[in-house]
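Structural description and commentary
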Protein chains: 2
Amino acid sequence: MATAHPVARGPRPKRSSSNRAVDFLLGRHIATNEAEQRKIGPLEGVPAMGLDGLGSSAYGPEAALTILMPLGAASLSLVEPIVALLVALLAVLYVSYRQTVAAYPSNGGAYVVARENLGETASLLAAAAIMIDYILNVAVGISAGVAALISAVPSLHAWTLPLCLGVLVLITLINLRGTQESGRVLALPTYGFVACFLVIIGIGVVEAIRHGGVPTPVIAPPPLAGGTEAVSLWLLLRAFASGCTAMTGVEAVSNGVNAFRAPVVRNARATLSAICAILGLLLIGIAYLGKAYKVGAMDQSQPDYQSVLSQLCGAVVGHGWFYYVAMATLLCVLALSANTSFVGFPRLCRLVAEHGYLPKPFAVAGRRLVYSVGILYLAVTAGLLLIAFGGITDRLIPLFAIGAFATFTLSQAGMVAHWLREARGGSEGRNRVRLGVNALGTATTAVALAIIVVAKFAEGAWITVLAVPLVIFGLKGIHGYYVRLAERLRPAGPLDLSATDAPVVLVATRGWDRLSEKALRFAVRLSPDVVATHLLDLDGEDDRDALKALQAQWRHEVEEPARLAGGPVPRLMVLQASYRRIHAPLLKLIERIQAEQPDRIVAVLVPVIAKPHWWQALLHTRHASRLSQSLLRYGGDKVVVINVPLHVGADLPEDGLIDQERPAVRRQAAE
Amino acid sequence: MATAHPVARGPRPKRSSSNRAVDFLLGRHIATNEAEQRKIGPLEGVPAMGLDGLGSSAYGPEAALTILMPLGAASLSLVEPIVALLVALLAVLYVSYRQTVAAYPSNGGAYVVARENLGETASLLAAAAIMIDYILNVAVGISAGVAALISAVPSLHAWTLPLCLGVLVLITLINLRGTQESGRVLALPTYGFVACFLVIIGIGVVEAIRHGGVPTPVIAPPPLAGGTEAVSLWLLLRAFASGCTAMTGVEAVSNGVNAFRAPVVRNARATLSAICAILGLLLIGIAYLGKAYKVGAMDQSQPDYQSVLSQLCGAVVGHGWFYYVAMATLLCVLALSANTSFVGFPRLCRLVAEHGYLPKPFAVAGRRLVYSVGILYLAVTAGLLLIAFGGITDRLIPLFAIGAFATFTLSQAGMVAHWLREARGGSEGRNRVRLGVNALGTATTAVALAIIVVAKFAEGAWITVLAVPLVIFGLKGIHGYYVRLAERLRPAGPLDLSATDAPVVLVATRGWDRLSEKALRFAVRLSPDVVATHLLDLDGEDDRDALKALQAQWRHEVEEPARLAGGPVPRLMVLQASYRRIHAPLLKLIERIQAEQPDRIVAVLVPVIAKPHWWQALLHTRHASRLSQSLLRYGGDKVVVINVPLHVGADLPEDGLIDQERPAVRRQAAE
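No experiment lies behind these values; they were computed from the predicted model shown.

**Regarding the overall build of chain A**
A count of helices and strands for chain A gives 22 helices and six strands. Within chain A, the proportion of its 671 residues that are buried is 56%. Residue pairs in contact within chain A that sit at least 24 positions apart in sequence constitute 80% of those at least 6 positions apart. Only carbon and sulfur atoms are counted for the fraction: they give 64% of the accessible area of chain A, which is about 27,100 Å².

**Let's talk about the environment of B:Val639**
In this structure, B:Val639 sits in strand E6 (residues 639-646). According to the relative accessible area criterion, B:Val639 is buried, its value standing at 0%. Along the backbone, B:Val639 and B:Val504 are 135 residues apart, and their C-alpha atoms lie at a distance of 9.6 Å. Each residue touching B:Val639, except ones within four places of it in the same chain, is listed here: A:Pro645, B:Ile590, B:Gln594, B:Val602, B:Val604 and B:Leu631.

**Some words on the packing of aromatic side chains**
Any pair of aromatic rings gets described here by the distance separating the centres and the angle formed by the planes. All told, the structure shown has 20 aromatic pairs over all chains when counted by the stated rule. With a centroid separation of 6.3 Å and 90° between ring planes, the pair formed by A:Tyr134 and A:Phe345 is classed as edge-to-face. Placement of A:Tyr134 in helix H5 (residues 120-152) and of A:Phe345 in helix H13 (residues 338-354) is noted, with a sequence separation of 211 residues between them. Pair check on accessibility: A:Tyr134 and A:Phe345 agree, each one buried. Seen from their ring centres, B:Phe193 and B:Phe197 are 5.1 Å apart, and the 45° between their planes marks the pair as tilted. Of the two residues, B:Phe193 and B:Phe197 both sit in helix H8 (residues 179-210), four residues apart, roughly one turn of that helix. Classification of B:Phe193 as buried rests on a relative accessible area of 1%. Exposure remark for B:Phe197: the relative accessible area of 4% places this residue in the buried category. Cluster of aromatic residues (ring-pair linked, three or more members): A:Tyr134, A:Phe345, A:Phe362 and A:Tyr377. Here the basic side chain of A:Lys360 rests over the ring of A:Tyr482, its NZ or CZ set 4.8 Å away from the ring centre.

**Focus on a nonpolar patch on the surface**
Residue and element names in this part refer to chain A. On the surface, Phe457, Trp462, Ile463, Val465, Leu466 and Leu470 cluster together into a nonpolar patch covering about 540 Å² of accessible area. Along the chain, Trp462 falls in helix H16 (residues 430-489). Assessed through its relative accessible area of 40%, Trp462 is described here as partly exposed.

**A closer look at the packing of helix H13 (residues 321-336) of chain B against helix H14 (residues 338-354) of chain B**
Residue and element names in this part refer to chain B. Running from N to C, H13 and H14 cross one another at 30°; their axes reach a closest spacing of 4 Å. Taken together, the axis directions place H13 and H14 in an arrangement best described as roughly parallel. Contacts between H13 and H14 involve Leu334, Ala335 and Leu336 from the former and Ala338, Asn339 and Thr340 from the latter. Partitioned by chemical class, the residues of the contact of H13 with H14 number four nonpolar, two polar and no charged.

**With respect to helix H22 (residues 623-634) of chain B**
The end-to-end C-alpha distance of H22(B), which contains 12 residues, comes to 16 Å, matching closely the 16 Å that a straight helix rising 1.5 Å per residue would cover. Among the residues of H22(B), those classed as buried are B:His623, B:Leu627, B:Ser628, B:Ser630, B:Leu631, B:Leu632 and B:Tyr634.

**Focus on the nonpolar core**
Formed by 136 residues in total, the largest nonpolar core has its most connected members in A:Met49, A:Ile142, A:Phe197, A:Met247 and A:Phe405. When residues in this core are grouped by element, the largest group, 17 residues, is from H5(A). Once residues lying within four places of it in the same chain are set aside, the contact partners of A:Met49 are A:Ile40, A:Gly249, A:Ala252, A:Val253, A:Gly256, A:Ala259, A:Phe260, A:Ile275, A:Thr340 and A:Val343. In terms of nonpolar packing, the next biggest core, distinct from the first, is built from 135 residues, B:Leu90, B:Ile135, B:Leu235 and B:Phe362 among them.

**Describing the confidence of the model for chain A**
Residue and element names in this part refer to chain A. Overall, the predicted model of chain A reaches an average pLDDT of 79, with 84% of residues at or above 70. Between residues 1-18, whose pLDDT stays under 50, and residues either more than four places distant or in other chains, the model counts 49 contacts. Within the model, pLDDT remains below 50 along residues 650-671, and this stretch shows 34 contacts once partners closer than five positions in the same chain are excluded. The ipTM assigned to the predicted complex is 0.71, against a pTM of 0.70.

**Describing the pairing of strand E2 (residues 504-509) of chain A**
Residues and elements named next belong to chain A. In terms of burial, E2 is largely enclosed, as six of its six residues are buried. By the alternation rule, side chains of E2 split into Val504, Leu506 and Ala508 and Val505, Val507 and Thr509, which are all buried. Summarising the sheet, E2 and strand E3 (residues 530-536) pair through five bridges and their orientation is parallel. Bridging from a neighbouring strand, Ala508 pairs with Thr533 of E3. Read from E2 through helix H17 (residues 514-526) to E3, the crossover connection turns out right-handed.

**A word on unusual backbone geometry**
Cis geometry marks the peptide bond from B:Ala262 to B:Pro263, where omega comes out at -5°. Locating B:Pro263 in the fold gives a position in the loop between helix H10 (252-255) and helix H11 (264-292). Positioned with a positive phi, A:Lys294 is a non-glycine residue whose angle comes to about 55°. Positionally, A:Lys294 belongs in the loop between helix H10 (264-292) and helix H11 (308-317). We classify A:Lys294 as partly exposed; its relative accessible area is 47%.

**Quick word on the side chain of A:Thr329**
All names here are of chain A. Following the sequence through the fold, Thr329 ends up in helix H12 (residues 321-336). Within the structure, the side chain of Thr329 is placed 2.7 Å from the backbone oxygen of Ala326, a separation counted as a polar contact. Discounting residues that sit within four places of it in the chain, Thr329 has contacts with Pro189, Gly192, Phe193, Cys196 and Phe197.

**Some words on the pattern of salt bridges**
Charged atoms that come close allow side chains of opposite charge to pair. Residues and elements named next belong to chain A. For the coordinates displayed, the defined rule picks out 12 salt bridges over all chains. For Arg350, the salt bridge identified is with Glu354, shortest N-O distance 2.7 Å. Taken together, the residues span about one helical turn, with Arg350 and Glu354 both in helix H13 at a distance of four residues. Relative accessible area serves as the criterion here: at 40%, Glu354 is assigned to the partly exposed category. Of the charged contacts in the structure, one is a salt bridge between Glu559 and Arg563, with a shortest N-O distance of 3.6 Å. You can see Glu559 and its partner Arg563 sitting in helix H18 (residues 544-564), four residues apart, about one turn around the helix. Glu559 gets classed as buried once you look at its relative accessible area, which sits at 5%. For Arg563, a relative accessible area of 46% gives the class partly exposed.

**Notes on the side chain of B:Asp133**
Residues and elements named next belong to chain B. You can see Asp133 is positioned in helix H6 (residues 120-152). For Asp133, a relative accessible area of 6% gives the class buried. Not counting the four nearest positions on each side in its chain, Asp133 is found in contact with Glu251, Phe400, Gly403 and Ala404.

**Things to note about helix H12 (residues 308-317) of chain B**
Residues and elements named next belong to chain B. A large share of H12 lies buried, amounting to nine of its 10 residues. The set of residues buried in H12 consists of Val308, Leu309, Ser310, Gln311, Leu312, Cys313, Gly314, Ala315 and Val316. Where H12 terminates, the next one or two residues include Gly318, which has phi positive at roughly 75°.

**Thoughts on the environment of B:Leu410**
Residues and elements named next belong to chain B. On the secondary structure map, Leu410 appears in helix H16 (residues 393-425). Judged by relative accessible area, which is 12%, Leu410 ranks as buried. Each C-alpha atom of the pair Leu410 and Ala122 lies 7.4 Å from the other, and the pair is 288 residues apart in sequence. The contact partners of Leu410, leaving out residues within four places of it in the chain, are Leu118, Ala122, Leu125 and Ala126.

**Brief notes about the pairing of strand E4 (residues 571-576) of chain B**
All names here are of chain B. For E4, the tally of buried residues reaches five of six residues, placing the bulk of the element in the interior. Across six bridges, strand E3 (residues 530-536) lies against E4 in parallel orientation. When the bridges of E4 are listed, Thr533 appears paired with Met573.

About the criteria used
- Residues numbered from 1 in each chain as written.
- Chains lettered and ligands numbered in written order.
- Predicted model: local features only at pLDDT ≥ 70, side-chain atom pairs only at ≥ 80, totals over all residues.
- Heavy atoms only, no water.
- Helix = DSSP H or I, 4+ residues; strand = E, 2+ residues; numbered from the N terminus.
- Buried < 20%, exposed > 50% of the residue type's maximum accessible area, 1.4 Å probe, protein only.
- Contact = heavy atoms within 4.5 Å.
- Areas by Shrake-Rupley, 256 points an atom, 1.4 Å probe, with all protein chains shown as cover.
- Phe/Tyr/Trp six-rings, centres within 6.5 Å; stacked < 30°, edge-to-face > 60°.
- Lys NZ or Arg CZ within 6 Å of the ring centre and 35° of its normal.
- Patch = residues over 30% accessible without salt bridge, like charges linked within 9 Å, V, L, I, M, F, W, Y side chains within 5 Å.
- Salt bridge = Lys/Arg side-chain N within 4 Å of Asp/Glu carboxyl O.
- Axes fitted to C-alpha atoms, helices over the stretch in contact; angles between N-to-C directions.
- Parallel < 35°, antiparallel > 145°, perpendicular 65-115°, else oblique.
- Nonpolar A, V, L, I, M, F, W, Y, C, P; charged D, E, K, R; others polar.
- Expected span 1.5 Å × (residues − 1).
- Core = buried A, V, L, I, M, F, W, Y, C linked by side-chain atoms within 4.5 Å.
- pLDDT = per-residue confidence, 0-100.
- Pairing = 2+ DSSP bridges.
- Right-handed = clockwise from strand over helix to strand, strands pointing away.
- Polar contact = N/O pair within 3.5 Å; in protein donor to acceptor, adjacent residues only side chain to side chain.

Structural data, given as C-alpha cells:
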C-alpha cells in the first residue's frame, strides 16, 4: 500500500536575498543526482590528490641531506643509496596501494583497511593518525609555501601569519565550491611545476652525460665544507627517516577513491601511477644531479640560505626567467599541497561519522555535495595550529611525519591480514608475493616510524604521540553516545493507540491581540483545560494599571464568550518574571502541574510572528524562539511545544511559496 | 476573578556550565527589583557622565588656539575674550539643562524635549544627531587617548588601530557589567585628572600673581612666531566655533537622568553642577595661564609638537613626576571619555525603541539591567568607524561637533517652546527670564552649528550632514513597520469559538523508532487525518532496500494495529529530497494539501531529541530546528508547528528542574 504513494519530487528551496551572496561565493546548490557529474578523472585527480605527494619532493631529499650535513663532502656519495632506498619504499607503497585501491574500491584508506582487517581500535588509531596528519599537512604546506615566498620577498616578513591565514581562507573557499573546480584551479601550478622540474632534470642529465658525469654548473653551488663527523648507522637511519617525509601524501588517492568517476578503480590507479612515477622521477633526478653538481644542504637559519632545489636550478639553468618560473610553481605547489588534505579529510570524517565515531553533521553533504563541516573543521583547526606555531614551518615539521608513517604501517599491516585471510580462503600463489611485499612494507615503515618518534620526540613529536590517544578516546566517547542513543530510540514495537487524557494547554500570551486569539482558538480545540499565561515585568517593571486592564479585557473578550458558548473557560494566569527570563516562570508552573498530574501531557502554545525576511529578525525580540528552545530542553518528556505563526500581511512575501529558481537551475533540476 | 490568581514568583533560571564563564565575565543576573540599588549618585555620576565634558577641556581651548595660530603672538590677547564667551555659553547651557532636568525628570535629553515641544521630525532629528555624536565620541575619545599615548611611547605607533580596538573592547565589557561598576572603575582617573590640573592651575595662578602677571616658567614654552594674518571677524568666529568643541558632552547628564537614585532631580543637578563648575574652572584657568605663560598652539604634524596642556604643565611644574602623573590622567580621561557614550547611547536607544523608532531588542534590559543591545551596537559601529578612519583623531574631528550642536540647538529650541506654552498656561514672571536665556542659547548654538558646518563641510562634515537624514529615514521606516504590525495585531474582538475542522497532521519521521512513535501517538490524538512523511536521499543517496523495509515495518507496526483498533490509519508518504534540504519537499506537500482544502489547518509534528547539554548540539544535525523555522517562515497562516521532544534518559540532567541558585542570589531574589 505505502509503496503505491507517488514519490513527490522536492522543489528547489526559496531563495532569499541574503542567500544570493552565498550563492555567488560558494556556487549554487547541487542536486544529489548530479553527484556523478562532479566526480573526477586522472587529469583532475593528479592536482587534486597529488599535490601533497609531489610537493614532498621539495623537502624530502633536502631533509635527508640536512641530516648528512656533518659529513661534509662525504655526504654526496650517500645520497644515491638513500634515495634508492626511498624509491624502493615508494615502489613498495605504490604496489601496496594499487592493491588496496582494487581491494577496497569504495574507499580504501588506512582507516577502512584497518577496520576491515585489524578491528575497531586499530581503525581508530589509523583514523586519529591520518586526521592529525591531514591537519598538520595543511599547516605545514601553507607555512612552507609562505616561508618560501617570504625568502623571495623579504619585505613581506612581518605578514607571515596573515599571509598563511589568507591562503588558508582561499583554499577553504575553493574547496567549499567542490572538488572539480578545485581540481581545475590547481591544474596549472601542478603541471607547471612537473614540467619545469622535468625539463631542468632533463637538461641537467644531458649535460652531465655530455661531460662524463662532471658537468659545469651555470652558477656553482657553494662548496661543501669538510666533514666533522664519521659515517654511522644511526646517522644513516636518521637521514633515511628524514628523507621519508618525501613519501607523505602518497596515501591520498586510496582515501579518495570514490571521488573518481567510473571506471573508479582504473581512474584511481592511473592517478596513483602518475603521482608515484613523477615523484620517483623527481627523487632520482634530484639525487643524480645533486651528486653530479655537488649540491649539499645549507643551514636555513643563515641569511645566505638556498634550498637544494634552488641550488640545482641555478646550477643547471642559471638565474634567468626560467629559474623564477620554476621557483614560482614550486611555491604554489607547496602552498597548495594543503589542498590534498581538503579533499581527503572531509571524506575520511564522513566515513568515520557514518560509522558513528564522529558527530553526524560530518556526514551531511553541503550545498555543493562536499562535506562542508569537515572542510570547515579542518580549516579552523589548521588555522589554530598556524596561529599557535606562528606560521613557522620548522616548528611544525617534527609533529608531522608520525601520522603519515603510522598510517602507512597500519594500512600495510591491514593488507597483510587481508592476504592472510584470503590465503585461508584458498587463493594461494600470487597472494604470497603480495603478502611478502606488504610485510616488507609494514616492517620498513614501522622501523621508520620508530626512528622518527625517537629522534624527534623532544622536538615536538611528543605532541602527536599525546594527541593520538586523546583523539581515539574522543572518537570512542562519541561512538558510545550514539550507541546509547540508538538503544534508547529502538522502537518499543507496534503503535500504542490506547486513549490518553487531553493535554493541559498553556498559551504564552503578551496581551489580548490577534496573535493570542489565533493561538487560543487552536488551544481550545486541543483540550478543555486551557490556561493563558502572562509574564509580568519581562522587559523591566510593567504598569500595574495595564495589567488590570488586560484582566478586565480577558473577562469580557474571552471568559464571557466561552461561558456563553457553554464550553470550558480559558483562564489567565499572571507569572512574575523577576529576572526578565521568559522560560523560568513557565518551567516552574509546568513542574507544579506535573506534580499534581504526572501522566498528563503539557502542551505549551507559543504564538510567533512569522518573519519571512531576514531583516525582520532584527526588528523582533527572540523571546518566542528562546522560550521554545528552553521548554524542549528542560521541560521533560511530557512537554510538547506548539508554535502558532501569524503572518502579518504585507510582510509575507508576495510570491509566497512560488519557486523562484533561476532558469539555469530550473533546467538542471528538471534533468 | 482573574486578579485572584496568585502571582507566581519566577525561579532563577537553570545555569549550564557554559553560562558560568559568561557569569564571570559579565557578572550574575540581576533581578528587576534590584534596579534601585544599581542607580548612582553624584559621586559616581561625575565619572560616569562627566568624562566626555571634562575631557573636552583638553582639546577645546587648543582647537581655538590652533585657528588663531596665523595671528602669532597677537593671538594671546584674543584667548581670554573667546574663553569668556565659551564660559558664558557654558553657563547658558548649564542653566538651560538645570531647567531641563527639573522639567523632564524621567529623561530629559534633546530627543525628549524636542518630542514634547517640537514634534516627531524634530525629535528624530535630535535622536539622529545625538546618536551619531555618541558614536563619534567613542571613536574620537579612544583615538585621541591612544594618539596621546603613542606620542609618549612612539614605539607603539604601528599598534594604533589594535590599541584603539582593545580599549574599545575593554570599555564595552565594563559597561556590559553595568553603570555602577563602571562609575567606580572610572572614578580614579577622573578625580585624579581634576585634582592634578586644579593643583597645576592653582600653583600657576599663585605664581602669576606673585610675579605681577609675568611668572617665570620652569620650562619655557616655545616662543610664538610673528603674525602672518590680521584679525578678522571670520577668524574670531571660527576660533569660537572650534573652541565650542569644549562644550561637547555637557548634555550627557540630561540624557541619563533616570540612572540617578532618588532624589533624582537633586542628584542629577548636583552632578551637572559639578561637571560644569570643573569644566568652567579648567577653561578659565587654562586661558589665564596660557596668556600669562605665553602658550600658543603648535602644529600637530611637526615632530616637536606639544599640546597646550603639556606646555602649560611644563611651564608651571617642570617635567618631574607630577608632570607624568598629570599627563597619564589626561590620557585616561581622553580615552575613557568614550565611556559617557556607553552610558547615554543605550538609554537613548531604549527610549527611542520604546516609542517604536528603533528595533524592540534595544529596549530589552540584559542580565545586568543595562541595555546590552545598545551597548553592543555602539561598540560595533564605533569599531567600524575606528577601522574605516584608521584610528586617526584628526580625520574624525570634522564629523564630530555637528551632532553636539544640533542637539544643543534643538534642546534649547524645545525649551523655548516649552516656556512659551507654559506662558500661555498663565505662569509668567520668572519664565520670561528663562525663555530669554534659552532663546539666547538657541541663537548662539545655531550660529556655531552653521559656522561648523560651513567651515568643515569639505573636511568631512558632509558625511554627518548626509548621515542624519539617512538615520531619520531609517527610524521612520522602523516606526512604520511597527505601526503596521500593531494594526495587524489589533484584536478582532471577542474570542471566536466556532467549531473548526480537525487539522491535517503531518509527522516528519526518519524511520520507525521511539521518536516517531511518540510523535505519532500525539498526532492520532489531534486528528483522524495523519500522514507520516519520510524524506528520501536527505544525506546523499539512500538505500532503496532500507526504504522497502521501512514501508513493510510501517504496515506491520502502525497500519495493522490502527486498523485492528478500528481507528483511522496513519499513512506513510515518501518525499524526494533532491537538494538535501528538508523543508522544500514538505512545503510543496503543504501547498498541495492547501490547494485542495484551503480552510484546514496543517499541523506539522517535528520530533526532536531533547538536548539539555550544550555539547549535544555538536552531536546532532540541525535538521529538526531548521525544518521548524522554515515551516513557520514560509508555510503560511494555516501551518502550525508542533515540536515533540524525546528525552533519551542519561542525557537528561539528573537535577532536572530543580533550582540551582547560589545562596547569595537566592537571598536577594527572596527580598
